[in-house]
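Overview (structure and organization)
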Amino acid sequence: FRSMVKKLESIVYHVQRTFFIAVMTFMLLVLSLHVIMRFAFNNPIIWTDEIITMMQGTLAFAGIGYCFHKKQHTELSLVYDKVPRPVQWLFDLASNGIMLFCTCYMIKYSWKFTLKKNIQMNTIPWMKQSWIYCFITVGFILAACYILLRLIEVFRCINKELRERG
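Residues numbered from 1 in each chain as written. Predicted model: local features only at pLDDT ≥ 70, side-chain atom pairs only at ≥ 80, totals over all residues. Heavy atoms only, no water.

Turning our attention to the packing of helix H1 (residues 2-40) against helix H2 (residues 48-69). Across the interface, H1 lies against H2 with an axial gap of 10 Å and an inter-helix angle of 160°. Comparing the axis directions of H1 and H2 gives the class roughly antiparallel. Classified by chirality, the crossing of H2 by H1 is left-handed. A per-class count over the contact of H1 with H2 returns 15 nonpolar, eight polar and three charged. (Axes fitted to C-alpha atoms, helices over the stretch in contact; angles between N-to-C directions. Helix = DSSP H or I, 4+ residues; strand = E, 2+ residues; numbered from the N terminus. Parallel < 35°, antiparallel > 145°, perpendicular 65-115°, else oblique. Left-handed = near helix turned anticlockwise from the far one by under 90°. Nonpolar A, V, L, I, M, F, W, Y, C, P; charged D, E, K, R; others polar.)

Quick look at the nonpolar core now. Core analysis: the largest hydrophobic core is formed by 17 residues, its most contacted members being Met 27, Ile 51, Met 55, Met 121, Met 127 and Ile 132. Only H1, H2 and helix H5 (130-165) provide two or more residues apiece to this core. When residues in this core are grouped by element, the largest group, six residues, is from H2. In this view, Met 121 contacts Glu 50, Ile 51, Met 54, Met 127, Lys 128, Gln 129 and Ile 132; residues no more than four positions away in its chain are not counted. Phe 68, Leu 100, Ala 143 and Ala 144 belong to the second largest nonpolar core, which has eight residues in total. (Core = buried A, V, L, I, M, F, W, Y, C linked by side-chain atoms within 4.5 Å. Buried < 20%, exposed > 50% of the residue type's maximum accessible area, 1.4 Å probe, protein only. Contact = heavy atoms within 4.5 Å.)

Throughout the structure, instances matching the rule amount to two salt bridges. Among the salt bridges present, the one from Arg 156 reaches Glu 153, with a minimum N-O distance of 2.6 Å. Taken together, the positions of Arg 156 and Glu 153, both in helix H5 and three residues apart, correspond to about one turn of that helix. Given the relative accessible area of 30%, Arg 156 is considered partly exposed. (Salt bridge = Lys/Arg side-chain N within 4 Å of Asp/Glu carboxyl O.)

Inspection of the secondary structure puts Thr 18 in helix H1. The exposure class assigned to Thr 18 is exposed, which follows from its relative accessible area of 52%. The spatial distance from the C-alpha of Thr 18 to the C-alpha of Ala 40 is 32 Å, given a sequence separation of 22 residues.

What follows deals with the packing of aromatic side chains. Counting across every chain of the model gives five aromatic pairs. Measuring from ring centre to ring centre gives 4.7 Å for Tyr 105 and Tyr 109, while their planes differ by 45°; the resulting arrangement is tilted. Of this pair, Tyr 105 and Tyr 109 both sit in helix H4 (residues 85-116), four residues apart, which is roughly one turn of that helix. Taking relative accessible area as the criterion, Tyr 105 reaches 45% and is therefore assigned partly exposed. Ring plane angle 75° and centroid distance 5.0 Å describe the contact between Phe 113 and Tyr 133, whose orientation is recorded as edge-to-face. You can see Phe 113 sitting in helix H4 and its partner Tyr 133 sitting in helix H5, a full 20 residues away along the chain. By relative accessible area, Phe 113 is classed as partly exposed at 35%. Connected via pairs of aromatic rings, a cluster forms that spans Phe 19, Phe 20 and Phe 135. (Phe/Tyr/Trp six-rings, centres within 6.5 Å; stacked < 30°, edge-to-face > 60°.)

With that settled, the discussion passes to H2. Here H2 spans 31 Å end to end across 22 residues, near enough to the 32 Å set by a 1.5 Å rise per residue. When the local axis directions of H2 are compared, the greatest deviation, roughly 40°, occurs at Gly 63. (Expected span 1.5 Å × (residues − 1). Bend = angle between axes of the 7 residues up to and from the residue.)

Taken together, the side chains of Phe 101, Tyr 105, Met 106 and Tyr 109 present a nonpolar region at the surface, about 430 Å² in accessible area. The class of Tyr 109 is partly exposed, set by a relative accessible area of 34%. (Patch = residues over 30% accessible without salt bridge, like charges linked within 9 Å, V, L, I, M, F, W, Y side chains within 5 Å. Areas by Shrake-Rupley, 256 points an atom, 1.4 Å probe, with all protein chains shown as cover.)

Take it as geometry only, folks, not as evidence of what the structure does.
Structure, rendered in structure tokens:
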């Protein structure tokens, strides 16, 4: 079971990395094109600001799960590192439980928000805002999956430690 979870996590991680690279490359190309058109030809592309702003939000929300995977989200390591292992487990269970509850809550409401934003973008009439806002929900879904994996890992560590103590 554990190897299957690790393999699935690795696949999701690589898909996320590929997505981030593609979005950042797209943003670089669009902004470069915008600068060239604006300053070389005095004819700026009107949709670049809107799409780049939307893409930045996409990266931020899609990055939530990535941060959990890399274990680089906000934690109080100042206190955490100084307490005994059983207390760390309690911190892990409480913080991950609360974060899982909050991300599940945000999945529900971010999806409702996305559905309300199924309107045209201002400067790109053929594109709907919901196409980009859906990544808010995706980010929270990925974060919830990573948090759930961390909770499973905490329970596994507790179980292992208790078995070793006898």
